[in-house]
Amino acid sequence: MSKMKKKKRKSKAKKFCNRKKIILVILLLLLCFVGISFAWLMTSIQGEKEVSILVDTIKLELDESASEGIQLVNAIPIYDDEGKASSPYKFSLINKNNIDFYYSLSLVDDEDLKNNCQTTDGESCQLLDPKDIRYEIKVGEESYTGTLSESPVIYHGVIDKNETVDCELRIWLNIKAGNDVMGKVFLGKLEVFATQQVAEDKFIQDNEEVNEPEMDSNMIAVKHDGYNWVKTNKENGWYNYGRGIWANAVTVKSDKLSEYQSAGIGTIIPMDDIETMWVWIPRYSYTIASEDGGSHYYGKRGVYLNSTPTQDLPGEIDIKFIGKEIKEKGTAQYLATEEPKNWYTPDAFTFGDTELSGIWVGKFETSSSNPSPGNGGGNVTNLDSMIKPNVISWRSINVSNIYQVGRKVSADGNRYGFHSNMNSHAMKNDEWGAVAYLSQSAYGKLGNVNFIGSEKEIYQNKSNYYITGCSSGAPSTSGSAGCPYTYDDNTRDESGVSGKGVGASTTGTIYGIYDMSGGSGEYVMGNYDDNIGSSGFGEMPDLIYYDKYTSTTASQACNGGICYSHGLSETGGWYHDYQTLATETNPWLLRGGSYGTNPAEGAGIFYFGANNSGGASSYNSFRLVLSPDL
């Protein structure tokens, strides 16, 4: 491999390691505008006591242009080509050590500058919204252009031992910013988060390892520009799982499809023209670490958690993206003092006899083409599904009709233009698990450095009107709250914290999946021992469309053993989420919790319960999935 190719692959790495049997965990580094930063490097050697070594890790060298912060003052909106032609802030990252480091580089508010900023009238400065700030970062020979509302992380990579990397940063005011930005400022600084993780073998994760989304001809790849959803493609930053940017796609009204298919990249697709929104979950394998020698498997502390993992605040689930020719069936557990091993490929990526590259998951709870204020649709199948934010979720529908509605999306003559090999269906429980595990990885909200501590948990939807995409702005909130924050709300509150709305997604960015914590409790196709209950089925559907559980004990629910990847015994009680398995009297599983059910306080992405025997309930909705076999 050439030096340039090596650098390209390594610069996008999420993990790296060496062959020494040593555990190295480096704590959080915040490199501001001071020369050398230090960190404690904790070194544990097998068979010997723990020792601590103070090391000089990475030096951040700024030229004069950046020495007083990264600022936008008295700026006017300009086009990207003008912004990229502006004068850059220049700096270098210098690794003086004999070991490599993984690092992420963030552009965040400078609290000191912000607190001391006043207008000529003596008033406190008003800050720009992240969506108004565009940037281009150049690291060595690579560059990336984005908006701060995507993620505070503007770059991540590996810096080799004794390496110096020259960098340039340009920022400008988004051309789409309105008049309300006039007089507002951005006062920022750079922060670097660095670590060395150790395992037996080195492996690299970047977009080259992610299976490209399998799209039907009616689907349009989209990205959010801070204001609107716009048409995009892979070459224009459609997805970057390392930054928490999961691939999104939409379908539009049939009379608009040809218009958007022929439209250029960057064309706005208004929400009024969108009918369904989908998020790609690429095929991966996972394993869960124990930090206490195997007594509990709550994930690893890793790079993103600054405390010992517990059930109330669990750690990172290790994820590696794989091709569909790989299918691993290990125990999905390992000791954090050893290399990640015993990988397991989630059952969600096997559809019958077909191995999948990934699945498309509805971005929001399902709504209907005629969402009545009372129940969003009711117990019927003659309505069509919609998947959109800011509408009433479809409730008061039993599991049998949920199944029929899900199959209808890719059936012959469907309104969306899907072909039958997209295999639409109501979400199964193992598919819920696949999303939940990815959210608890470096590629989900757990890995989003904009959230710390308890904020890592996905914020609840507490809308007492069951509005899709709503956020309470916190992991757990009691009582009803209307819809205080919409799904695209990334504005700063009075304390300077952003992400009150996007914090309710599985990534902590607008590119994740919503309503998986609170909202309406969601029926999933998970059943106890083929017990129909009051679901409306005359007989059970084909087993390809549901998960069958044979015990009321989660650790024995799959033929007397653990249901790997289903989000049951492996992650039971994480974040203190409620847990009870389906039974003979309540044979259908619910996920996520609900505003209107008890115990509402136990709502969360790892919540599982069962009630109403699969019957129509005004509290419970559902979600759709596509399993493409293209």
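See the structure shown above.
Residues numbered from 1 in each chain as written. Predicted model: local features only at pLDDT ≥ 70, side-chain atom pairs only at ≥ 80, totals over all residues. Heavy atoms only, no water.

A. Main features of the pattern of salt bridges. Enumeration according to the criterion identifies 18 salt bridges in this entry. Notably, a salt bridge pairs lysine 327 with glutamate 355, separated by 3.0 Å at the nearest N-O pair. Of this pair, lysine 327 sits in the loop between β18 (317–321) and β19 (333–335) while glutamate 355 sits in strand β21 (residues 354–355); the two residues are 28 residues apart in sequence, bridging distant segments of the chain. On the accessibility criterion, glutamate 355 (24% relative accessible area) is partly exposed. Between arginine 623 and glutamate 522 there is a salt bridge, with the nearest N and O atoms lying 2.6 Å from each other. Pair noted here: arginine 623 is in the loop between β30 (620–621) and β31 (624–626) and glutamate 522 is in strand β26 (residues 521–528), with a separation of 101 residues, a long-range link. There is no split in this pair, since arginine 623 and glutamate 522 are both buried. Among the charged side chains, a network of salt bridges with common partners joins Glu275, Asp384, Lys408 and Arg415. (Salt bridge = Lys/Arg side-chain N within 4 Å of Asp/Glu carboxyl O. Helix = DSSP H or I, 4+ residues; strand = E, 2+ residues; numbered from the N terminus. Buried < 20%, exposed > 50% of the residue type's maximum accessible area, 1.4 Å probe, protein only.)

B. Representation of the packing of aromatic side chains in the model. A full pass over the atoms with the stated rule returns 26 aromatic pairs. Centre to centre, the rings of phenylalanine 351 and tyrosine 545 are 5.9 Å apart; their planes meet at 65 degrees, and the pair counts as edge-to-face. Of this pair, phenylalanine 351 sits in strand β20 (residues 350–351) while tyrosine 545 sits in the loop between β26 and β27 (547–549); the two residues are 194 residues apart in sequence, bridging distant segments of the chain. Summarising the burial analysis for this pair, phenylalanine 351 and tyrosine 545 share the class buried. (Phe/Tyr/Trp six-rings, centres within 6.5 Å; stacked < 30°, edge-to-face > 60°.)

C. Highlighting the sheet that holds β31. Ordered in space as β14-β13-β15-β16-β22-β31-β25, the seven strands form an open sheet in which the pairing is antiparallel. Only two strands of the sheet have a single neighbouring strand rather than two, namely β14 (229–231) and β25 (424–426). The mean angle between the axes of side-by-side strands here comes to 40 degrees, regardless of whether they run parallel or antiparallel. As paired strands, strand β13 (residues 220–224) and β14 are joined by three bridges and run antiparallel to one another. Residue pairing in the sheet places lysine 223 in a bridge with valine 230 of β14. Each of β25 and β31 touches helix α5 (residues 399–408); the most contacted strand, β25, lies at about 160 degrees to it. Contacting β16 (274–282), β22 (358–362), β25 and β31, helix α6 (residues 429–439) crosses the sheet at an angle of about 70 degrees to β16. (Pairing = 2+ DSSP bridges. Axes fitted to C-alpha atoms, helices over the stretch in contact; angles between N-to-C directions. Contact = heavy atoms within 4.5 Å.)

D. Structural context of the state of the cysteines. On inspection of all chains with the given rule, the structure shows three disulfides. Put simply, cysteine 558 and cysteine 563 are joined by a disulfide, and their sulfur atoms are 2.1 Å apart. One disulfide, between cysteine 558 and cysteine 563, carries an S-S torsion of 110 degrees and so falls in the right-handed class. For cysteine 558, a relative accessible area of 23% gives the class partly exposed. (Disulfide = S-S within 2.5 Å.)

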